[in-house]
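What follows is the residue order along each chain.
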Amino acid sequence: MSVGETPITVVGNLTDDPKLQFTAQGVAMARFTIASTPRAYDKASGQWKDGTALFLRATAWREMAEHITESLTRGMRVVVTGRLVQHNWQTEQGENRSMLGLDVDEVGPSLRFAIAKVTKAQRNGGAPAARPADQWSTDAPAPVPVATGGWGGAPADGPTEPPF
């Protein structure tokens, strides 16, 4: 983590299946949205009350992106850690816009209300282990090499499209 970055951990549910895309350079990128809704107990009514939901757009890169799209689906409760980033752009009408996003460092299913069976992904073209029938399985097929270099964050030459 670099100086000045804002680390964050978010627990919430996926609003849709993660989408796998590739940059023009062939680097895998997964995008997904996490909905996190705070709950508080109201002693006066004796009931739980939902607060305002936070919808956070997340982006993961390289092999992790492929693992995410193979492992996670809409509605799953996940724990995601990463770096909070602000994206700024200008509309065609010249209006300035911004959006907060999450560059993913780690992700996994929440085990509060589920059971997961984890299988380590094979590397370097090895055959993957058989996929269990359990939908919470976090195993993934052998990753397809899409880039060389370090892990996490955007590729050195950057994505070819806006992060939203």
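Structure shown above.
Residues numbered from 1 in each chain as written. Predicted model: local features only at pLDDT ≥ 70, side-chain atom pairs only at ≥ 80, totals over all residues. Heavy atoms only, no water.

Participant: I'd like a rundown of the nonpolar core, residues and numbers included.
Facilitator: By size, the foremost hydrophobic cluster in this structure holds 15 residues, and its most contacted members are Phe32, Ile34, Val80, Leu102 and Val104. Elements with a minimum of two residues in this core: strand E1 (6–14), strand E3 (28–36), strand E6 (54–61), helix H1 (62–71), strand E7 (77–90) and strand E8 (96–109). The element best represented in this core is E6, accounting for 3 residues. Residues contacting Phe32, with those up to four places away along its chain left out, are Leu14, Pro18, Leu56, Arg57, Ala58, Ile68, Val80 and Val104. (Core = buried A, V, L, I, M, F, W, Y, C linked by side-chain atoms within 4.5 Å. Buried < 20%, exposed > 50% of the residue type's maximum accessible area, 1.4 Å probe, protein only. Helix = DSSP H or I, 4+ residues; strand = E, 2+ residues; numbered from the N terminus. Contact = heavy atoms within 4.5 Å.)

Participant: Kindly report on the pairing of E1, identifying the contributing residues and their values.
Facilitator: Pairing of E1 with E7, which is carried by 8 bridges, proceeds in the antiparallel orientation. Looking across to E7, one finds that Pro7 is bridged to Arg83. When E1 meets E3, the two strands line up antiparallel, connected through 2 bridges. Considered in E3, the bridge of Leu14 is made with Ile34. (Pairing = 2+ DSSP bridges.)

Participant: Tell me about the side chain of Ser36, and name the residues and values.
Facilitator: As for its placement among the helices and strands, Ser36 is situated in strand E3. Here the side chain of Ser36 touches Val11 through a polar contact of 2.9 Å, landing on its backbone oxygen. Sequence-distant contacts of Ser36, that is, excluding residues within four places in its chain, are made with Val10, Val11, Gly12, Thr52, Ala53 and Leu54. (Polar contact = N/O pair within 3.5 Å; in protein donor to acceptor, adjacent residues only side chain to side chain.)

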